[in-house]
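Observations on the model geometry
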Amino acid sequence: MKNILSIYKKELRLIFSTWIGYIIIAVFIALTGYFFQDMVDQFARLTAQFLSSGQRGGVFPYNINDILFRYWLGNSSVILLFVIPLLTMRSFSEEKKSGTIEMMMTSPLRHYQLVLGKYLAILTVLVPLIIYSILLVIYFTALNDVPVTVQWGLFLVGLLGLVLLGGAFIALGIFISSMTENQIISALTTFGALLIIWVIGWSSVYSSTGFGEILRRISLNNHYENFAKGVISLSDSIYFILFITFFLILTVSSLGTTRWRGIK
Amino acid sequence: MIKVQNLTKQYGKFTALKDVSFEVKKGEILGFLGPNGAGKTTAMRIITGFLPPTSGTVTIGDYDIMDNSIECRRMIGYLPETVPLYDDLIVRESLKFYARIKGVLSKDINNAVERTLHDCRIEDVQNKLIRTLSKGYRQRVGLAQALISNPEILILDEPTIGLDPKQIIEIRELIRGFSGKRTVILSSHILPEVSVICNRIAIIHKGQLIAQDSEENLTRLAQKGPNLLMKIKGPNKNITSALMEKNFIKTVTSDKSNIPSVYDYSIVFNDSPKNRQELSKLVFDNSWDLLSMEPVSSGLERIFIDLVNRYEEARA
């Protein structure tokens, strides 16, 4: 545990001393902020249409969770898909390139400690993003006296989904980084792999075969969608936990084989 | 303390190390000597547990490096050839990090850092970003990382490379000070360095250990070359025979130099007491001109070249 903590602190320090951490947080905030603004505009338009359509007495048919937050969470997840490969690319590739991996592998550390320390450090970068998302919604509701009720429970489930999704992205990114000493290859391969797992369910929308169903189950997006809607289900949670565990274990064994193959 | 038995390492078809065996006793400093690509780094990587051997065993203390890797690694401080550093950490931070993962107790970490900063003479850069350091400082920070946990065993791959002469002397003094306290294996291609620091020398060539002994014994092992080189202006035949008359001279060979009527004489002494003044007097008395006289020490350099040549001949 002490070793994991030491690696964790060092990694976190490196993520922020190279500015990459700050830049990624800034990019995420800027882009999601823009989308939020855009969606609020749309929401306002819908409200205005409703008000001018003369149905004053009727029930407002739109739910802010459904029409704003859900889509905003969807957008945010796509932005994560872009930025997370940039966070994970250096985790092992840089150590391999600079040779510090030799110091790590000859220190009294177990491979899983190294992997977990790094994983948790990158995961920590998501914390400010989640805090920001909550603040954004608080700010929005406090600013507008439109009688909209935010269903916080649903939104928080969505954020939990975002964290799980980010955690899955990071696990895969770290694994790919452990296989190459080139950071660009690491980032591009991670991005490609994530995108494929993301969209793999799309092609099966109209398919009714068992294979189509399998693809739907594999797809990251499908499981995340439920969280974004505010639905927390056991199978979706297990999917993410298995996904993360699977790639972390692969990373640990990838380090083992690096040792057997030797570097270069 | 370190026992290496029949170590062989193959990368595909290339054999980097072939049946290497040696032992380093507690408190001993062993110098690894060999040309580039001889297998020094591979041997060190196997001893530190970074690479697995193709066959053979390495025992550190009572532990096998493959079976009890963690215990072994805890005892070893290692400076790889490439001096890997975290460029984006501050020197002090980096040392603290290594102290923690090497298992230094939390309450001892600050002391360990202070001691190492002092020993490696890097106190004045302790708050600098490693990225900004010069080659000499980087090398010393690398050494500090190896020393931070006060390890029983030090494996240093080319520890003085990139340092200026004054720093080289300081680091050599530091390493020599470990003699008797720590077990050290260091590699170098600078021969005098090995002879100054090490108790024992292992010469490695094309993956094979071709000799290991103290410098004295290795000197005895090497073939005798010339002991004295003289440059004399005068009649070649007369000079040669006059030199041969001296009872302490075994053989004289002469070569034309690029100056007319000046010859280079390579002289091999026998075991009788030598008298160099007598030689200069001889030249003077015959009114020849002595242009230079240069004793050749039987340095490690020659032993090394000699042993490598002999090895090559034996193979051919």
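Each value, and the rule that gives it
- Residues numbered from 1 in each chain as written.
- Chains lettered and ligands numbered in written order.
- Predicted model: local features only at pLDDT ≥ 70, side-chain atom pairs only at ≥ 80, totals over all residues.
- Heavy atoms only, no water.
- Pairing = 2+ DSSP bridges.
- Helix = DSSP H or I, 4+ residues; strand = E, 2+ residues; numbered from the N terminus.
- Axes fitted to C-alpha atoms, helices over the stretch in contact; angles between N-to-C directions.
- 1 Å grid on protein atoms, 1.4 Å probe; cavity = no way out; pocket = protein on both sides within 12 Å on 5 of 7 lines; lining within 4 Å.
- Points joined across faces, edges and corners; volume = space filled by probe spheres on them.
- Phe/Tyr/Trp six-rings, centres within 6.5 Å; stacked < 30°, edge-to-face > 60°.
- Buried < 20%, exposed > 50% of the residue type's maximum accessible area, 1.4 Å probe, protein only.
- Lys NZ or Arg CZ within 6 Å of the ring centre and 35° of its normal.
- Patch = residues over 30% accessible without salt bridge, like charges linked within 9 Å, V, L, I, M, F, W, Y side chains within 5 Å.
- Areas by Shrake-Rupley, 256 points an atom, 1.4 Å probe, with all protein chains shown as cover.
- Salt bridge = Lys/Arg side-chain N within 4 Å of Asp/Glu carboxyl O.
- Left-handed = near helix turned anticlockwise from the far one by under 90°.
- Contact = heavy atoms within 4.5 Å.
- Nonpolar A, V, L, I, M, F, W, Y, C, P; charged D, E, K, R; others polar.
- pLDDT = per-residue confidence, 0-100.
- Polar contact = N/O pair within 3.5 Å; in protein donor to acceptor, adjacent residues only side chain to side chain.
- Parallel < 35°, antiparallel > 145°, perpendicular 65-115°, else oblique.
- Core = buried A, V, L, I, M, F, W, Y, C linked by side-chain atoms within 4.5 Å.

1. Points about the sheet that holds strand β6 (residues 76-79) of chain B
Residue and element names in this part refer to chain B. Here six strands make up an open sheet; going across it, the order is β6-β7-β8-β3-β9-β10 and the pairing mixed. Each edge of the open sheet is held by one strand with a lone partner, namely β6 and β10 (208-213). With direction set aside, neighbouring strand axes in the sheet form an average angle of 15°. Bridge count between β6 and strand β7 (residues 153-157): four bridges; the pairing is parallel. By the bridge assignment for β7, G77 is matched with L154.

2. A closer look at empty space enclosed by the protein
Residue and element names in this part refer to chain A. Under the definition given, this model contains one cavity of 30 Å³ or more. Considered as a void within the structure, the largest cavity measures approximately 40 Å³ in volume. For the largest cavity, the full set of lining residues is N65, D66, F69, R70, L73, L154, F155, A228 and K229. Where the lining of the largest cavity is concerned, the elements lending two or more residues are α3 (64-98), α7 (152-177) and α10 (220-229). No other element matches α3, which puts five residues into the lining of the largest cavity.

3. Notes on the packing of aromatic side chains
What the rule picks out here adds up to 23 aromatic pairs over all chains. For the ring pair F16 of chain A and Y22 of chain A, a centre distance of 4.9 Å and an interplane angle of 65° mean the geometry is edge-to-face. Taken together, a centroid distance of 6.4 Å and an interplanar angle of 45° make the contact between Y263 of chain B and Y265 of chain B tilted. By relative accessible area, which is 0% here, Y265 of chain B ends up buried. The structure contains a cluster of three or more aromatic residues connected by ring pairs, namely F175, F227, Y239, F240, F243, F246 and F247 of chain A. Across from the ring centre of Y137 of chain B, 4.5 Å away, lies the NZ or CZ of R140 of chain B, which sits over that ring. Directly above the aromatic system of F178 of chain B lies the positively charged group of R182 of chain B, at a separation of 4.6 Å from the ring centroid.

4. Quick notes on a nonpolar patch on the surface
Residue and element names in this part refer to chain A. Together, V127, I131, L135, I138, W152 and L156 make up a nonpolar patch on the protein surface, roughly 520 Å² of accessible area in all. Counting only elements with at least two residues in the nonpolar patch, the list comes to α6 (126-143) and α7. Of the residues forming the nonpolar patch, the biggest block, four residues, is contributed by α6. Locating W152 in the fold gives a position in helix α7.

5. Notes on the packing of helix α1 (residues 2-17) of chain A against α3 of chain A
All names here are of chain A. One can describe the packing of α1 onto α3 by two numbers: an axis separation of 11 Å at closest approach and a directional angle of 115°. The way α1 lies across α3 gives a crossing that is right-handed. Taking contact as the criterion, the partners of K10, E11, L14 and I15 in α1 are, on α3, L87, R90 and E95. Its residues placed into classes, the contact of α1 with α3 shows three nonpolar, no polar and four charged.

6. Here we look at the pattern of salt bridges
Across all of its chains, the model carries 22 salt bridges over all chains by this definition. Across the salt bridge formed by K107 of chain B and D108 of chain B, the nearest N and O atoms sit 3.7 Å from each other. Of the residues examined, D108 of chain B reaches a relative accessible area of 29% and is grouped as partly exposed. Its salt-bridge partner being E170 of chain B, residue K166 of chain B comes within 3.1 Å of it at the nearest N-O pair. Residue K166 of chain B and its partner E170 of chain B are both found in helix α6 (residues 165-176); the two are separated by four residues, about one turn of the helix. With a relative accessible area of 59%, K166 of chain B lands in the exposed category. One continuous salt-bridge network, built from bridges that share partners, spans K10, E11, R90, E94, E95 and K118 of chain A.

7. Some details on the confidence of the model for chain B
Taken as a whole, chain B shows an average pLDDT of 86; of its residues, 95% reach a score of 70 or greater. Predicted complex, confidence summary: ipTM 0.85, pTM 0.84.

8. What about the interface of chain A and chain B?
Counting residues at the interface gives 27 residues for chain A, matched by 30 residues for chain B. The interface formed by chain A and chain B holds two salt bridges in total. A salt bridge links E102 of chain A to R45 of chain B; the shortest N-O distance between them is 2.9 Å. Between the two partners, chain A and chain B, sit nine residue pairs in polar contact (both at pLDDT 80 or more). Of all the elements in the fold, those that place two or more residues in the side of chain A that touches chain B are α1, α3, α4 (100-105) and α11 (234-261) of chain A. Considering each element in turn, the side of chain A that touches chain B owes the most residues, eight residues, to α1 of chain A. Considered class by class, the residues forming the side of chain A that touches chain B number 10 nonpolar, 10 polar and seven charged.

9. Here we look at the packing of α1 of chain A against helix α5 (residues 111-124) of chain A
Residue and element names in this part refer to chain A. Between α1 and α5, whose axes approach to 8 Å, the crossing angle comes to 45°. As summarised for this structure, α1 and α5 are arranged oblique, according to the angle between their axes. The element α1 and its partner α5 pack so that their crossing is right-handed. In this structure, α1 contributes N3, I4, I7, Y8, K10, E11, L12 and I15 to the contact, and α5 contributes Y112, Q113, L114, L116, G117, K118, L120, A121, I122 and T124. For the contact of α1 with α5, the residue count by class is 11 nonpolar, four polar and three charged.

10. Considerations on the nonpolar core
Formed by 150 residues in total, the largest nonpolar core has its most connected members in L68, M104 and L220 of chain A together with I185 of chain B. Here the element with the most residues in this core is α7 of chain A; it accounts for 14 residues. Sequence-distant contacts of I185 of chain B, defined by excluding residues within four places in its chain, comprise I2, F22, V24, L30, F32, M44, I47, L154, I155 and L156 of chain B. In this structure, F248, I249, Y265 and L282 of chain B belong to the second largest nonpolar core, which totals 17 residues.

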